[in-house]
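Listed below, chain by chain, are the residues.
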Amino acid sequence: MRSKLMIGAAALSILALTACGGPAGTSSTGEPDAPDETGASSTEHPYGLEVAESPEFEAGSTMAELAEGGTIRIGTKFDQPLFGLVGPDGKPEGFDVAIGSLIAAELGIPFDSIEWVETVSANRETFIENGNVDLVVATYTINDARKEKIDFAGPYYFAGQALMVQAGNPAGIEGPDDVSGQPVCSVEGSTPAATIVDEYGAQLQATDAYSNCLDPLRNGQVVAVTTDNVILAGFVDQNAGEFELVGDGATFTEEPYGIGLTKGDDAFRTFINDTLEASFEDGVYDSLWEQTAGVVLPTPDAPTLDRY
Ligand code: GLU
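Residues numbered from 1 in each chain as written. Predicted model: local features only at pLDDT ≥ 70, side-chain atom pairs only at ≥ 80, totals over all residues. Heavy atoms only, no water.

Explain the site of the ligand to me, and be specific about the residues and the numbers.
What surrounds the ligand is a group of 16 residues, the closest being Lys77, Ser121, Thr141, Tyr210 and Asp228. With respect to the ligand, the side chain of threonine 141 contributes an N or O atom lying 2.7 Å from a nitrogen atom. In the environment of the ligand, an oxygen atom lies 2.7 Å from a nitrogen or oxygen atom belonging to the side chain of tyrosine 210. Within the complex, the protein chains bury 100% of what would otherwise be the 280 Å² of accessible surface of the ligand. (Near = heavy atom within 4 Å. Polar contact = N/O pair within 3.5 Å; in protein donor to acceptor, adjacent residues only side chain to side chain. Areas by Shrake-Rupley, 256 points an atom, 1.4 Å probe, with all protein chains shown as cover.)

Describe the side chain of aspartate 151, naming the residues involved and giving the relevant values.
Here aspartate 151 lies in strand β7 (residues 150-159). Buried charge without a salt bridge: aspartate 151, with arginine 269 as the nearest opposite-charge side chain at an N-O distance of 4.1 Å. Only 2.6 Å separates the side chain of aspartate 151 from the side chain of tyrosine 308, close enough to count as a polar contact. (Helix = DSSP H or I, 4+ residues; strand = E, 2+ residues; numbered from the N terminus. Buried < 20%, exposed > 50% of the residue type's maximum accessible area, 1.4 Å probe, protein only. Lys, Arg positive; Asp, Glu negative; His and termini not counted. Salt bridge = Lys/Arg side-chain N within 4 Å of Asp/Glu carboxyl O.)

Before we move on, could you go through the state of the cysteines and cite the residues and values that matter?
Applying the stated criterion to the full structure yields one disulfide. One disulfide in the model links cysteine 185 with cysteine 213; its S-S distance is 2.0 Å. Between cysteine 185 and cysteine 213 the sulfur-sulfur dihedral comes to about -75°; the bridge is accordingly left-handed. A residue pair is termed long-range when its members are at least 10 positions apart, and cysteine 185 in strand β9 (residues 183-187) and cysteine 213 in the loop between β10 (203-207) and α7 (214-218) qualify at 28 residues. Relative accessible area serves as the criterion here: at 3%, cysteine 185 is assigned to the buried category. (Disulfide = S-S within 2.5 Å.)

So what about helix α6 (residues 191-198)? Which residues, and what values?
Since the α-helix packs 3.6 residues into each turn, any two residues three or four apart lie on the same face. For α6, every residue scored as buried is listed here: Thr191, Pro192, Ala193, Thr195 and Ile196. Elements in contact with the buried residues of α6: α5 (144-147), β8 (161-166), β9, β10, β11 (224-228) and β13 (255-262). Two to three positions downstream of the cap, the backbone nitrogen of alanine 193 sits 3.2 Å from a side-chain oxygen, assigning the N-cap of α6 to serine 190. (Contact = heavy atoms within 4.5 Å.)

Explain the sheet that holds β11 to me, using residue names and the numbers behind them.
Taken in spatial order, the five strands of this open sheet run β10-β9-β11-β8-β12, and their pairing is mixed. At either margin of the open sheet sits one strand with a lone partner, and together these are β10 and β12 (243-245). Here the strands of the sheet are splayed against their neighbours by 30° on average, with no regard to which way each runs. Alignment of β9 against β10, held across five bridges, turns out to be parallel. Bridge pairing in β10 links valine 184 to leucine 204. This element, helix α8 (residues 229-238), spans β8, β11 and β12 of the sheet and lies at about 125° to β11. (Pairing = 2+ DSSP bridges. Axes fitted to C-alpha atoms, helices over the stretch in contact; angles between N-to-C directions.)

Can you tell me about the environment of aspartate 228, naming the residues and giving the values?
Tracing the backbone shows aspartate 228 in strand β11. We classify aspartate 228 as buried; its relative accessible area is 3%. Sequence spacing of aspartate 228 and threonine 253 is 25 residues, and the spatial spacing of their C-alpha atoms is 8.8 Å. Beyond its immediate sequence surroundings of up to four residues, aspartate 228 is in contact with Thr139, Ala159, Gly160, Gln161, Pro192, Glu255 and Tyr257. A distance of 2.6 Å separates the side chain of aspartate 228 from the side chain of tyrosine 257, its partner in a polar contact.

Which residues make up the sheet that holds strand β4 (residues 92-93), and what values do they have?
One open sheet holds the three strands; their spatial order is β2-β3-β4, and the pairing between them is antiparallel. Edge strands, defined here as strands with exactly one partner in the open sheet, are β2 (79-80) and β4. Two elements, β2 and strand β3 (residues 84-86), share two bridges in a ladder whose sense is antiparallel. Of the residues in β3, the one forming a bridge with glutamine 80 is glycine 84.

Pulling in residues and values, what's your account of the pairing of β13?
The element β13 is largely enclosed, with a buried count of seven among its eight residues. Pairing between β7 and β13: seven bridges, direction antiparallel. Of the residues in β13, the one forming a bridge with aspartate 151 is leucine 261.

So what's going on with the packing of aromatic side chains? Which residues, and what values?
Counted under the stated rule, the structure contains 17 aromatic pairs. Aromatic side chains phenylalanine 83 and phenylalanine 95 sit 6.1 Å apart centroid to centroid with 90° between the ring planes, which places their arrangement in the edge-to-face category. With a gap of twelve residues between them, phenylalanine 83 in the loop between β2 and β3 and phenylalanine 95 in helix α3 (residues 95-106) connect regions that are remote in the sequence. The burial state of phenylalanine 83 is the same as that of phenylalanine 95; both residues are buried. For the pair phenylalanine 111 and tryptophan 116, a centre-to-centre distance of 5.9 Å together with 45° between the ring planes defines the contact as tilted. We note that phenylalanine 111, like tryptophan 116, is buried. Aromatic ring contacts, followed pair by pair, group Phe83, Phe95, Tyr156, Tyr157, Tyr257, Phe280, Tyr285 and Trp289 into a single cluster. The ring centre of tyrosine 308 lies 4.0 Å from the NZ or CZ of lysine 147, which sits over that ring. Above the ring of tyrosine 308, the side-chain terminus of arginine 269 is found at 4.0 Å from the ring centroid. (Phe/Tyr/Trp six-rings, centres within 6.5 Å; stacked < 30°, edge-to-face > 60°. Lys NZ or Arg CZ within 6 Å of the ring centre and 35° of its normal.)

From the geometry alone we can't say anything about function, so treat these as descriptive.
Right under this line is the structure:
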């Protein structure tokens with residue numbers, strides 16, 4: 001029942017050396033994987049995951065309902081390189097997308113049957129509470145205020161808040177203490193927006209998605225953009241020569257990423273945590289990272305889950 005990569009350990013290390021940003025679709029020989037006995041080929045899953053065949057779950061559980069329905073609605077970001085970015089084919093890609101598709105695969109739901117819903121920072125709890133999505137995987141920091149409304153599985157990654165400035169750092173920002181009273185762009189409903197105002201006295205220019213902060217930084221309307229280091233690293237990578245991270249990406253908060261789900265659905269939370277834990281141990285987590293964010297960022301140590 002467990003999702004496994006249809007590649008062996010040797011292929012995994014080859015992947016690590018040759019990761020080029022494209023999802024794995026070939027075996028270690030470079031040939032497309034052979035069709036299995038059902039006629040399905042592993043090349044069908046963009047991250048090389050095996051989709052569980054007819055998995056069984058306790059009747060009435062969220063897992064049983066989703067598995068039976070054959071689809072799942074996953075909220076993610078559509079504008080964040082490395083984690084959740086809609087590509088030319090209209091499908092999102094990135095580490096959050098890969099993690100979401102891992103949960104789906106474990107439920108027997110193939111990649112093409114996932115309904116991706118764009119969530120921005122401010123609407124994630126509401127989308128979960130209103131039942132617009134079954135899960136949110138969207139650079140989503142676990143914290144107590146959010147836990148009053150929803151539950152989190154994870155963490156599956158530890159990010160931290162950082163600052164991005166124009167290349168050459170014309171405003172001379174060396175750290176968060178330098179933005180006091182200065183215009184800084186971030187996203188409403190995000191933890192970094194609150195921190196930069198409450199703890200560092202910045203003058204917040206708020207928008208709804210981080211990609212909207214790039215032009216204000218280019219034209220000098222703001223001195224910096226602030227959010228998690230890994231989101232900013234994606235923008236630096238995508239806009240060659242335009243931006244840089246302050247202090248080489250030095251972080252000044254901890255942002256543990258969790259998977260948001262309906263508050264009180266403990267069985268679903270346990271299932272997601274079990275799925276994450278297995279992926280930490282069998283190499284799938286590392287592979288999903290290397291196929292996505294790992295193109296730019298170092299492979300993290302697998303985090304310790306918080307099964308509260
Ligand atoms: N991780 C932070 C948060 O959940 C910032 C990134 C985001 O807005 O998605 O608020």
